[in-house]
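So the chains spell out like this:
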Amino acid sequence: MHITDLLRPGCVSLHQQVDSMQEAIHRLVGLMEAGGNLTDPAAFEADVQARESLGGTCMGGGLAIPHAKSAAVSAPGLAVLTLDPPLACTTPDGIPVRMFFLIAAPAEANDLHVKVLAELATLLLDKEFCAKLEKAGTPREFCGLIAGQEQEPAPAPEEPPVRKPEHWRFVAVTACPTGLAHTYLAAEALQKAAQERGVSLKVETNGAVGVDQPLTTEDIAGADCIIVAADRAVSTARFVGKRLVSVSAQEAIRDAGAVLDRAAESNVPIYRGGDGFRANDWKELGREAYRHLMSGISHMLPFVVGGGVLIALALLFAQLGVPDSFTSMMDTVGRAAFVLMYPVLAAFIAYSISDLPAFMPGLMGGYLAQLGTTIAPKDSWVSSGFWGALVAGFAAGLLVRLLNWAGKRLLPALEPVRTGLLTPALSLLGVGTLMVLVVNPPLGDFNMWLCALLDGMQGDSRLVMGAVLGALMATDYGGPINKAAYLTGTLALVNDQYDIMAAVMIGGMVPPIAVGLACLLFPDRFTRAEQRTAPQNLLMGASFVTEGALSFALRDPLRVGPSCMLGSGLAGFLAILLRCGCPAPHGGLFLIAVIQNPLGFLLALAAGSFLAAAMIGMLKKPLQS
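No experiment lies behind these values; they were computed from the predicted model shown.

Each value, and the rule that gives it
- Residues numbered from 1 in each chain as written.
- Predicted model: local features only at pLDDT ≥ 70, side-chain atom pairs only at ≥ 80, totals over all residues.
- Heavy atoms only, no water.
- Patch = residues over 30% accessible without salt bridge, like charges linked within 9 Å, V, L, I, M, F, W, Y side chains within 5 Å.
- Areas by Shrake-Rupley, 256 points an atom, 1.4 Å probe, with all protein chains shown as cover.
- Salt bridge = Lys/Arg side-chain N within 4 Å of Asp/Glu carboxyl O.
- Helix = DSSP H or I, 4+ residues; strand = E, 2+ residues; numbered from the N terminus.
- Buried < 20%, exposed > 50% of the residue type's maximum accessible area, 1.4 Å probe, protein only.
- Phe/Tyr/Trp six-rings, centres within 6.5 Å; stacked < 30°, edge-to-face > 60°.
- Contact = heavy atoms within 4.5 Å.
- Pairing = 2+ DSSP bridges.
- Polar contact = N/O pair within 3.5 Å; in protein donor to acceptor, adjacent residues only side chain to side chain.
- Expected span 1.5 Å × (residues − 1).
- Axes fitted to C-alpha atoms, helices over the stretch in contact; angles between N-to-C directions.
- Parallel < 35°, antiparallel > 145°, perpendicular 65-115°, else oblique.
- Left-handed = near helix turned anticlockwise from the far one by under 90°.
- Nonpolar A, V, L, I, M, F, W, Y, C, P; charged D, E, K, R; others polar.
- Arc of directions from axis to C-beta.
- Disulfide = S-S within 2.5 Å.

## Focus: a nonpolar patch on the surface
Then, in step 1: The grouping of Met360, Met364, Tyr367, Leu371 and Leu428 at the surface amounts to a nonpolar patch, some 380 Å² of accessible area in total.
Then, in step 2: It is helix 13 (residues 359–371) that provides the largest number of residues to the nonpolar patch, a total of four residues.
Then, in step 3: The topology assignment puts Met360 in helix 13.
Then, in step 4: Note on Met360: relative accessible area 31%, which makes it partly exposed.

The following block contains the structure:
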């Protein structure tokens with residue numbers, strides 16, 4: 001652990017004046033909060049003061065190193081305050097304090113603060129070097145002096161023997177937007193590849209039911225490299241100072257061996273903290289933007305699914321003669337969930353980009369998108385919907401990041417005012433102005449045009465749309481294209497376009513049912529292990545979990561992929577032709593009681609599934625015994 005791993009120029013304030021140790025600590029905590037290391041500055045300051053009451057942290061020689069382990073610390077960090085004039089206080093040698101280093105360590109960080117204390121003590125033994133630090137004119141110069149001192153060559157111990165690849169140890173985190181199949185398929189693929197290479201691997205899954213097999217501090221500290229295989233934002237502050245490989249969950253599923261081989265290379269960069277938009281290449285930038293988007297969508301989907309199911313149940317209960325008051329209540333609650341989906345989407349995109357300070361402006365931007373607020377009279381407002389919320393989320397996150405960056409450089413002495421007042425007010429004003437004047441007017445018109453277009457698409461054009469959406473659902477089995485098609489269905493559902501949602505859902509159900517049927521109808525084309533997955537895939541298809549077919553498609557993409565796309569396209573075409581409608585965004589056959597024309601839906605599903613299964617059976621060659 002090096003000091004430069006934890007210290008950034010934004011957390012350094014030079015040549016300040018304070019009247020007491022308490023004021024100095026308060027200033028340091030403000031710097032640490034500005035660096036994004038704290039979740040509760042007041043709680044952390046109380047922990048630092050409590051540690052101070054157990055025994056002074058003045059080290060002598062004009063130095064003080066207050067420190068604390070605290071649950072209010074999200075990521076380890078350092079803050080520095082130099083004083084002019086020095087602070088007269090009780091010190092071991094009677095020399096006033098000229099320089100403070102504050103160490104913030106997470107509660108679960110074990111002896112991290114002890115290691116940092118040791119590093120600092122060793123570094124600051126050089127009095128000439130301390131004098132140079134005190135004379136530094138800028139925070140960047142201060143950090144540069146420390147970096148230069150740490151990089152000076154010292155008598156090096158004997159280099160440890162180079163470890164063979166089979167002795168590497170890895171830990172990994174997997175996650176996907178819905179927390180379902182991709183999360184666990186990526187974990188399984190990585191574990192299998194690790195077994196083949198004879199290396200030890202522990203995988204933490206961030207699934208829909210929560211975090212399973214969480215990585216401990218000891219796991220992370222002992223690992224040679226961290227693998228993050230995720231399609232949405234996950235907690236990475238705990239990996240600061242470790243070598244880290246970041247890939248998508250799909251990439252880990254597709255070629256887990258290559259991911260592990262990449263992690264074993266000696267040139268893997270050390271993770272220095274921060275999150276999205278920190279990269280220098282377009283590929284990494286696009287991956288980060290996609291993760292921020294998926295973070296918002298993963299939080300939005302429960303509102304869409306829950307609201308849709310309640311609306312569907314309200315329709316079913318109304319058909320069964322349940323009292324209107326109860327069905328009306330369920331319908332109202334379901335539609336209220338739909339109203340919240342856009343604010344939640346924008347809020348969590350912004351939160352993913354710039355953490356808690358961006359949540360409020362993101363939420364408000366999404367709310368303004370939902371309302372369609374403009375400077376025109378209220379009765380002419382048109383919601384900018386999903387696209388407006390998308391813009392609001394990214395705009396709020398980036399604006400807060402810009403305000404934090406500017407504030408650290410222009411207003412370092414006003415950190416509490418900036419974080420508690422200026423950033424919330426300016427970010428809300430900026431996002432609100434953007435939505436009201438720039439985003440909502442054109443995107444509201446676009447939504448009106450799109451709704452009119454969908455309403456006007458009848459006959460052949462609507463049939464083609466059903467076929468295309470069905471085929472897209474079978475393109476990458478839960479990947480970006482599949483998610484885009486599903487999102488089209490949910491947006492249509494919000495506008496009561498139930499037939500489009502039916503085409504999307506049935507298109508996603510066909511692939512796993514098709515591979516399950518193919519295993520049963522053409523057993524000589526599949527291994528025994530593949531045949532044993534047939535019941536599981538049939539159930540996943542019936543439940544609308546498209547990812548069930550993913551392993552088959554990865555093993556034989558040229559035969560399974562086109563077959564499933566053709567079958568799903570036929571199913572989507574027939575769903576529109578037979579006037580099927582699905583009033584909920586998830587559930588598969590478990591929603592059959594509320595699906596419009598259920599017999600037609602079952603017929604379309606059977607036709608698409610058997611076509612895809614037959615094509616798979618014809619294209620695959622029998623296995624040699």
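## Looking at the packing of aromatic side chains
Then, in step 1: The full count for this structure, using the stated rule, is nine aromatic pairs.
Then, in step 2: When the ring of Phe348 is compared with that of Phe359, the centres are 5.3 Å apart and the planes differ by 80°; the resulting orientation is edge-to-face. Of the two residues, Phe348 is situated in helix 12 (residues 324–354) and Phe359 in helix 13; the sequence distance between them amounts to eleven residues.

## What to know about the pattern of salt bridges
Then, in step 1: Considering all chains together, one arrives at eleven salt bridges under this definition.
Then, in step 2: The shortest N-O distance in the salt bridge between Arg197 and Glu196 comes to 3.9 Å.
Then, in step 3: Arg197 gets classed as partly exposed once you look at its relative accessible area, which sits at 31%.
Then, in step 4: Salt-bridge contacts for Asp261 lead to Arg197; the nearest nitrogen and oxygen are separated by 2.9 Å. Placement of the pair is Asp261 in helix 10 (residues 256–263) and Arg197 in helix 7 (residues 181–197), with a sequence separation of 64 residues.
Then, in step 5: A single network of salt bridges, built from pairs that share partners, joins Glu196, Arg197 and Asp261.

## Regarding the environment of Phe303
Then, in step 1: Within the element layout of this structure, Phe303 appears in helix 11 (residues 282–319).
Then, in step 2: Overall, the relative accessible area of 27% leaves Phe303 in the partly exposed class.
Then, in step 3: Placed 36 residues apart in sequence, Phe303 and Val339 show a C-alpha to C-alpha distance of 8.9 Å.
Then, in step 4: Setting aside its immediate chain neighbours within four residues, Phe303 contacts Ala337, Phe338, Leu340, Met341 and Val344.

## Considering the pairing of strand 6 (residues 97–106)
Then, in step 1: With nine of ten residues buried, strand 6 is to be regarded as a mostly interior element.
Then, in step 2: Strand direction decides the pairing type here: strand 3 (residues 63–64) and strand 6, joined by two bridges, are parallel. When the sheet's bridge partners are listed, Leu63 is paired in strand 6 with Met99.
Then, in step 3: The pairing of strand 4 (residues 67–70) with strand 6 spans four bridges and is parallel. Bridged to Lys69 within strand 6 is Ala105.
Then, in step 4: As judged from the seven bridges shared by strand 5 (residues 77–87) and strand 6, these two strands associate in the antiparallel manner.

## Observations concerning the side chain of Asp556
Then, in step 1: Position of Asp556 among the secondary structure elements: in the loop between helix 21 (550–555) and helix 22 (557–577).
Then, in step 2: Engagement of the side chain of Asp556 in a polar contact is seen with the side chain of Lys620, the distance being 3.0 Å.
Then, in step 3: Those residues within four positions of Asp556 in sequence are excluded, and the remaining contacts are Gly561 and Lys620.

## Examining helix 13
Then, in step 1: Counted at 1.5 Å a residue, the expected span for helix 13 with its 13 residues is 18 Å, and the 18 Å between its end C-alpha atoms agrees.
Then, in step 2: Restricting attention to buried positions, one finds in helix 13 the residues Pro361, Gly362, Gly365, Gly366, Leu368, Ala369 and Gln370.
Then, in step 3: Gly372 occupies a position one or two residues after helix 13 and carries a positive phi of about 75°.

## Topic: the packing of helix 18 (residues 498–521) against helix 20 (residues 534–542)
Then, in step 1: The N-to-C vectors of helix 18 and helix 20 enclose an angle of 155°; their axes lie 7 Å apart at closest approach. In terms of axis orientation, helix 18 runs roughly antiparallel to helix 20. Judged by the sense of rotation from one axis to the other, the crossing of helix 18 with helix 20 is left-handed. Residue-level inspection shows Met509, Pro512, Ile513, Val515, Gly516, Leu517, Cys519 and Leu520 of helix 18 in contact with helix 20, the latter providing Ala534, Asn537, Leu538, Met540, Gly541 and Ala542.
Then, in step 2: Its residues assigned to classes, the contact of helix 18 with helix 20 shows eleven nonpolar, three polar and no charged.

## Things to note about helix 10
Then, in step 1: Listing the buried residues of helix 10 in full gives Ala256, Gly257, Val259, Leu260 and Ala263. When helix 10 is viewed along its axis, its buried side chains cluster within an angular range of 160° and face the same direction.

## Concerning the state of the cysteines
Then, in step 1: Scanning the model with the defined rule gives zero disulfides in all.
Then, in step 2: With no disulfide partner, Cys582 has as its closest neighbouring cysteine sulfur the one in Cys580, 9.9 Å distant.
Then, in step 3: Accessibility expressed as a relative area gives 0% for Cys582, which makes it buried.

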